[in-house]
Amino acid sequence: MAADSYDAIVVGGGHNGLVAAAYLAKTGAKTLVLEARATTGGAATTEAPWPDAPEFRVTRLSYVMSLLPPTIMNDLQLERHGYKIFPMGPYYQAFPEGGSLTLYEEDSQRAYDEIAKWSKRDADAYPKWNAWLGGLADVLGPLLLTVPPALGSRKPRDLAATLRLAWRHRGLDVRTVADVTRLMTMSIADLLDDWFESPQIKGALAVNGVIGTWAGPQEPGTAYVMAHHSIGDVGDGRLGSWGFPEGGMGAVADAIASSARANGVTIRTGAPVAKITVAPGSGRATGVVLANGEELRAKVVVTSLHPKTAFLDHVGRENLPSDFASDIEHWKTRSGVVKINLALAELPNFTANPGTNLQEHHTGSVEMAPSMEYIERAFIDAREGRPALRPFSDGVIPTAFDRTLSPEGTHIMSLFTQWVPSEWASEPHADELEKYADRVIDTYNEVAPNFKGAILHRDVVGPYEMEQDYGLIGGNIFHGELSLEQLFHMRPAPGFADYRTPVPGLYNASSATHAGGGVCGIPGMQAAKAAIADRRKTARARRK
Ligand SMILES: Cc1cc2nc3c(=O)[nH]c(=O)nc-3n(C[C@H](O)[C@H](O)[C@H](O)COP(=O)(O)OP(=O)(O)OC[C@H]3O[C@@H](n4cnc5c(N)ncnc54)[C@H](O)[C@@H]3O)c2cc1C
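Residues numbered from 1 in each chain as written. Predicted model: local features only at pLDDT ≥ 70, side-chain atom pairs only at ≥ 80, totals over all residues. Heavy atoms only, no water.

**Student:** I'd like a rundown of the sheet that holds strand S14 (residues 365-368), residues and numbers included.
**Tutor:** The strand order S7-S6-S14-S15-S16-S13-S17 describes an open sheet built from 7 strands, whose pairing is mixed. At either margin of the open sheet sits one strand with a lone partner, and together these are strand S7 (100-103) and strand S17 (455-461). Within this sheet the neighbouring strands show an average axis-to-axis angle of 20°, counted without direction. Alignment of strand S13 (residues 337-344) against S17, held across 6 bridges, turns out to be antiparallel. Across the sheet, residue Asn341 finds its bridge partner in S17, namely Asp459. The sheet strands contacting helix H16 (residues 463-470) are S13 and S17, and the helix crosses S13 at an angle near 90°. (Pairing = 2+ DSSP bridges. Helix = DSSP H or I, 4+ residues; strand = E, 2+ residues; numbered from the N terminus. Axes fitted to C-alpha atoms, helices over the stretch in contact; angles between N-to-C directions. Contact = heavy atoms within 4.5 Å.)

What follows is the structure in structure tokens.
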């Protein structure tokens, strides 16, 4: 095989690209990963953003793990390659009007006592809610590892896949199907109104419904987003609880990269791809051209990039069926997320739970989502074209466990905040982002008065930077919204949710496929499996 020729080329060295490459190489394929940036990991990255303080490292974009299936961990032996998770502590919200709520997942009596401070009725409802949600998450979970069938297709293979899916769910009763329907169609606000009365509990439980979405809690479909984040088992064993990877999210990508290299993968960084080449006659993918003009050939190409980049820029409309090109053009990819990373001289000292010594409430999510109305207001501001006056924030302090990220006595705090207008992905808005970050910090300062004074350094990453530096078009954290019309057999386009594309030999491992986003590796694994299955089928056909 020529030096510039490979069995498989993977475009993009984010965690999904690396997973795909590792699986391909495990079958003996000569595999190359091409990553545009200087480092691999994509949105799973640990960086030192302050040149004057390189001893502080932040998990710059994504910040907690949950959906990585045991199958991938075991197949790629990730623990042997350095993957280590610290389970997260409880959910904590200190309220501007006084008091706090700490939700202990593992201790039902403590959870009861905490909720009863706000509403005895809600404390009674909470275990029933957890059981109800757990039951539904167990139905939805295994769907994450299911390759979506091409619904509506009459090809025998597609009909068989649709029937297999229906057969697997034959045990569901009318009640469960109704509950799943509710979950898929309702807003998280309406759903929580059915279960709970106190604004404090509803605010806490609404958070997972709006993480990464261009939608407030009143929007239909947000109930599903909440359930997506509550899945505990994708069908191959319990997932680990939400947790912080030692070394930040970049360490997860490093473990996958190390496993890939051990299987023989070559990884080239600083190697942006400009084009995916397609044979004129067959329309088959033949390789890639790098931005520097270098041409590389491969029998299989896997792209893990945002679909607009992969298909509209790299493949080109002229090589795609017009329906598919139009579906990708209309792919919704807004978000309005701003990530704020802080280096702290000391832990926040909450008025409701005093002390700068490490306590349980510092070890989980340190939230700024005091009510559903508060979250909704933040979204309405952004939808009307203004950055939220009082942004919502999902905060974590990974250094409560992970002492590799900052010097002894200091801490890192990661704030995932929403929303700024989605149009901010097109322009930097640097000054306004700083003012927005000031307001986020002010909201925490109201409940922990030492907060502002404890900040040593801060790093604000808005949608423009996410798009320009990380390839997250529109600033969307999942390569495309998790809205109902973009899920399962529609992700990223009807007829192409099986990780294949209209271009034979080109596979899709992006977070814009089913089970993405999130740092779960499922798209990478499934795209590699599809490519491996097709190659085996072709080899069998040749032998006959
Ligand atoms: C702010 C933020 C917070 C998040 N929080 C969480 C979280 O806490 N937990 C969680 O599970 N998920 C979270 N996510 C989502 C998660 O990080 C992503 O869904 C996931 O990392 C995407 O992985 P990927 O490999 O599919 O794509 P990416 O990580 O986007 O990787 C694609 C790679 O392709 C590279 N690339 C781009 N263009 C080219 C080119 N032309 N040539 C070659 N390479 C190219 C990019 O540099 C990148 O490395 C978050 C995301 C963001 C942005």
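**Student:** Quick rundown of the nonpolar core? Include the residues and the values.
**Tutor:** One finds Trp129, Leu183, Leu191, Val302, Phe392, Met413 and Trp419 to be the most contacted residues of the largest nonpolar core, which totals 136 residues. The dominant element in this core, judged by the number of residues it contributes, is helix H4 (residues 120-140), at 10 residues. Listed in part, the 27 residues of the second largest apolar core include Leu34, Val301, Ala310 and Val315. (Core = buried A, V, L, I, M, F, W, Y, C linked by side-chain atoms within 4.5 Å. Buried < 20%, exposed > 50% of the residue type's maximum accessible area, 1.4 Å probe, protein only.)

**Student:** Describe helix H12 (residues 322-329), listing the residues and the values that go with them.
**Tutor:** Buried within H12 we find Phe324, Ala325 and Ile328. End-on, the buried residues of H12 take up no more than an arc of 100°, which puts them together on one face. Opposite the buried face of H12, by more than 90 degrees, sit the exposed residues Ser322 and Asp323. Buried residues along H12 sit in contact with helix H11 (307-315). (Arc of directions from axis to C-beta.)

**Student:** Quick rundown of the pairing of strand S16 (residues 411-418)? Include the residues and the values.
**Tutor:** Regular strands have side chains that alternate between both faces of the sheet. Within S16, 8 of the 8 residues are buried, which leaves it mostly tucked inside the rest of the structure. The sheet contact formed by S13 and S16 spans 8 bridges and is antiparallel. Opposite Lys339, over in S16, you have Phe416 as the bridge partner. Pairing of strand S15 (residues 392-396) with S16 involves 5 bridges; the strand directions are antiparallel. In the sheet register, Ser393 faces S16, and the bridge partner there is Thr417.

**Student:** Please give an account of the site of the ligand that cites residues and values.
**Tutor:** The immediate surroundings of the ligand are formed by 32 residues, with Asn16, Glu35, Ala43, Val64 and Val519 found nearest. A distance of 2.8 Å separates an oxygen atom of the ligand from a polar backbone atom of Ala43. For the ligand, the accessible surface in isolation is 1000 Å², of which the surrounding protein chains cover 93%. Partitioned by chemical class, the residues of the shell around the ligand number 16 nonpolar, 14 polar and 2 charged. (Near = heavy atom within 4 Å. Polar contact = N/O pair within 3.5 Å; in protein donor to acceptor, adjacent residues only side chain to side chain. Areas by Shrake-Rupley, 256 points an atom, 1.4 Å probe, with all protein chains shown as cover. Nonpolar A, V, L, I, M, F, W, Y, C, P; charged D, E, K, R; others polar.)

**Student:** If you had to explain a positive patch on the surface to someone new, which residues and values would you point to?
**Tutor:** Where like charges cluster on the molecular surface, the positive patch consists of Arg536, Lys537, Arg540, Arg543 and Lys544. Among the secondary structure elements, Lys544 is positioned in the segment after helix H17 (522-543). Overall, Lys544 belongs to the exposed group, its relative accessible area being 85%. (Patch = residues over 30% accessible without salt bridge, like charges linked within 9 Å, V, L, I, M, F, W, Y side chains within 5 Å. Salt bridge = Lys/Arg side-chain N within 4 Å of Asp/Glu carboxyl O. Lys, Arg positive; Asp, Glu negative; His and termini not counted. Charge placed at Lys NZ, Arg CZ, Asp CG, Glu CD.)

**Student:** With reference to specific residues and values, describe the pattern of salt bridges.
**Tutor:** A complete count under the given rule lists 26 salt bridges for this structure. For Glu114, the salt bridge identified is with Lys117, shortest N-O distance 3.2 Å. Asp381 is paired through a salt bridge with Arg377; the nearest N and O atoms lie 3.3 Å apart. Of this pair, Asp381 and Arg377 both sit in helix H13 (residues 372-383), separated by 4 residues, roughly a single helical turn. On the accessibility criterion, Arg377 (42% relative accessible area) is partly exposed.

**Student:** Lay out the pairing of strand S6 (residues 91-94) with the relevant residues and their values.
**Tutor:** By the alternation rule, side chains of S6 split into Tyr91 and Gln93 and Tyr92 and Ala94, which are all buried. By the bridge criterion, 4 bridges tie S6 to S7 in an arrangement that is antiparallel. Within the sheet, the bridge partner assigned to Tyr91 lies in S7 and is Leu103. The loop that links S6 with its antiparallel partner S7 comprises 5 residues; one of these, Gly98, has a positive phi angle of about 110°. As paired elements, S6 and S14 share 3 bridges and run parallel to each other. Bridge pairing in S14 links Tyr91 to Ser365.

**Student:** Which residues make up the environment of Asp194, and what values do they have?
**Tutor:** Along the chain, Asp194 falls in helix H7 (residues 188-195). On the basis of relative accessible area, Asp194 is assigned to the exposed category, the value being 57%. Through-space distance from the C-alpha of Asp194 to that of Ala425 is 36 Å; in sequence the pair is 231 residues apart.

**Student:** Just give me the short version of the packing of helix H1 (residues 15-26) against helix H10 (residues 249-262), but keep the residues and values in it.
**Tutor:** Where H1 meets H10, the closest approach of the two axes is 9 Å, and the angle between their N-to-C directions is 20°. Taken together, the axes of H1 and H10 lie roughly parallel to each other. Like other packed secondary-structure pairs, H1 and H10 cross with a definite hand, here left-handed. For the pair H1 and H10, contact is made by His15, Leu18, Val19 and Ala22 and by Ala253, Ile256, Ala257 and Ala260, respectively. By residue class, the composition of the contact of H1 with H10 is 7 nonpolar, 1 polar and no charged. (Parallel < 35°, antiparallel > 145°, perpendicular 65-115°, else oblique. Left-handed = near helix turned anticlockwise from the far one by under 90°.)

**Student:** Account for unusual backbone geometry, naming residues and giving values.
**Tutor:** In this model, Arg491 is joined to Pro492 through a cis peptide bond whose omega is 5°. Structurally, Pro492 can be placed in the loop between H16 and strand S18 (506-508). Of note, the amide linkage connecting Gly516 to Gly517 takes the cis form, showing an omega dihedral of 0°. Summarising the element assignment, Gly517 is placed in the loop between S18 and H17. The phi dihedral of Gln77 falls on the positive side, at around 50°, and the residue is not glycine. By secondary structure assignment, the location of Gln77 is in the loop between helix H2 (70-75) and strand S5 (85-87). Residue class for Gln77 comes out partly exposed when judged on its relative accessible area of 42%. Positive phi values are uncommon outside glycine, yet Ala515 reaches one of about 90°. The topology assignment puts Ala515 in the loop between S18 and H17.

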